Amino acid sequence: MPRYKLTIEYDGTSYAGWQIQADRETVQGALAQAFRRFCGEDVLVAGAGRTDAGVHATGQVAHVDLSRHWRCDTVRDAMTAQLRPHPIAVLHAEEVPDTFDARFSAIKRHYLYRIVNRRPDLALDRDRAWRIPQKLDAGAMHDAAQRLLGKHDFSTFRAAECQAASPLKTLDQLDVFRSGDEIRIVTSARSFLHHQVRSMVGSLMRVGEGRWSADDLEAALKAADRTRCGPMAPAAGLYLAAVSY
């Protein structure tokens, strides 16, 4: 059976996350339905990351096995047609060896978190960013963020329901920069704990507003205690931006 690697973009606002659920609409479920309409097959669309409800993607990667060979542009274009009106797009499709696995072959996942730092409400970016009205110091956020790089016990930034076998993760990148009213937080690692990125962003917000220092953030990390975490940032600002193989 030929295997296809898909690069997928979606607005996660109206979905109960990536992973298929029996009674709720999900991104994985919408893709499976589109494949059924396209080629008449019931397939599993296996993703690189299980994004939560309300989280978006500009570079989610998945793989799917089909019973016959199709031209890659046919797969892409047919999925484009069958996914309408869902806010999901297959940007690219390519045939890959059956040893490729979207989840287990990944060597790094890249996330973006968007904060719009202004007093007026969001019109165009509603449900696509976190609006914070009080002025944030992006430079202080970036400097503090560097304390989280490397291999640590990230229990402080881990969801209570996280199913990872270990809280030990290696964080390769956590950069914070401002462009006008927007603050962008870019982070990369081989894998993340459940809610890790949103928890780190919420804690960095405390630094940006001057309530925490870099030392406070580092102390929260070293405590390995969820109660020491800042407020969890909302899902709307988070994007799975890319996956490296």
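Residues numbered from 1 in each chain as written. Predicted model: local features only at pLDDT ≥ 70, side-chain atom pairs only at ≥ 80, totals over all residues. Heavy atoms only, no water.

## A word on helix H4 (residues 196-208)
When the terminal C-alpha atoms of H4 are compared, their 18 Å separation across 13 residues agrees well with the 18 Å that a helix rising 1.5 Å per residue should span. Within H4, 13 of the 13 residues are buried, which leaves the element mostly enclosed by the surrounding structure. Looking one or two residues past H4, Gly210 carries a phi angle of roughly 90°, positive in sign. (Helix = DSSP H or I, 4+ residues; strand = E, 2+ residues; numbered from the N terminus. Expected span 1.5 Å × (residues − 1). Buried < 20%, exposed > 50% of the residue type's maximum accessible area, 1.4 Å probe, protein only.)

## What to know about unusual backbone geometry
Residue Pro85 is reached from Arg84 by a cis peptide bond, and omega for that bond is 10°. Relative to the assigned elements, Pro85 resides in the loop between helix H2 (72-83) and strand E4 (88-96). Positive phi, close to 70°, is recorded for Asp127, a residue that is not glycine. Along the chain, Asp127 turns up in the loop between strand E5 (108-116) and strand E6 (130-131). Note on Asp127: relative accessible area 41%, which makes it partly exposed. Positioned with a positive phi, His195 is a non-glycine residue whose angle comes to about 70°. Within the secondary structure layout, His195 lies in the loop between strand E9 (182-189) and H4.

## Quick look at the packing of helix H1 (residues 27-39) against H2
One way to put it is that H1 packs onto H2 with a least axis distance of 9 Å and a crossing angle of 110°. As far as their axial angle goes, H2 and H1 are roughly perpendicular. Crossing angle aside, the handedness with which H1 passes H2 is right-handed. Contact residues: H1 offers Ala30, Leu31, Ala34, Phe35, Arg37 and Phe38, while H2 offers Val75, Ala78, Met79, Gln82 and Leu83. Residue classes in the contact of H1 with H2 are distributed as nine nonpolar, one polar and one charged. (Axes fitted to C-alpha atoms, helices over the stretch in contact; angles between N-to-C directions. Parallel < 35°, antiparallel > 145°, perpendicular 65-115°, else oblique. Left-handed = near helix turned anticlockwise from the far one by under 90°. Contact = heavy atoms within 4.5 Å. Nonpolar A, V, L, I, M, F, W, Y, C, P; charged D, E, K, R; others polar.)

## Remarks on the pattern of salt bridges
Applying the stated criterion across every chain, the model contains 16 salt bridges. One salt bridge connects Asp65 with Arg3, and the closest N-O pair in it is separated by 2.6 Å. Taken together, the residues span a long stretch of sequence, with Asp65 in strand E3 (residues 56-65) and Arg3 in strand E1 (residues 3-10) at a distance of 62 residues. Note on Asp65: relative accessible area 26%, which makes it partly exposed. Arg3 gets classed as buried once you look at its relative accessible area, which sits at 14%. With its nearest N and O atoms 3.9 Å apart, the salt bridge here joins Lys5 to Glu94. (Salt bridge = Lys/Arg side-chain N within 4 Å of Asp/Glu carboxyl O.)

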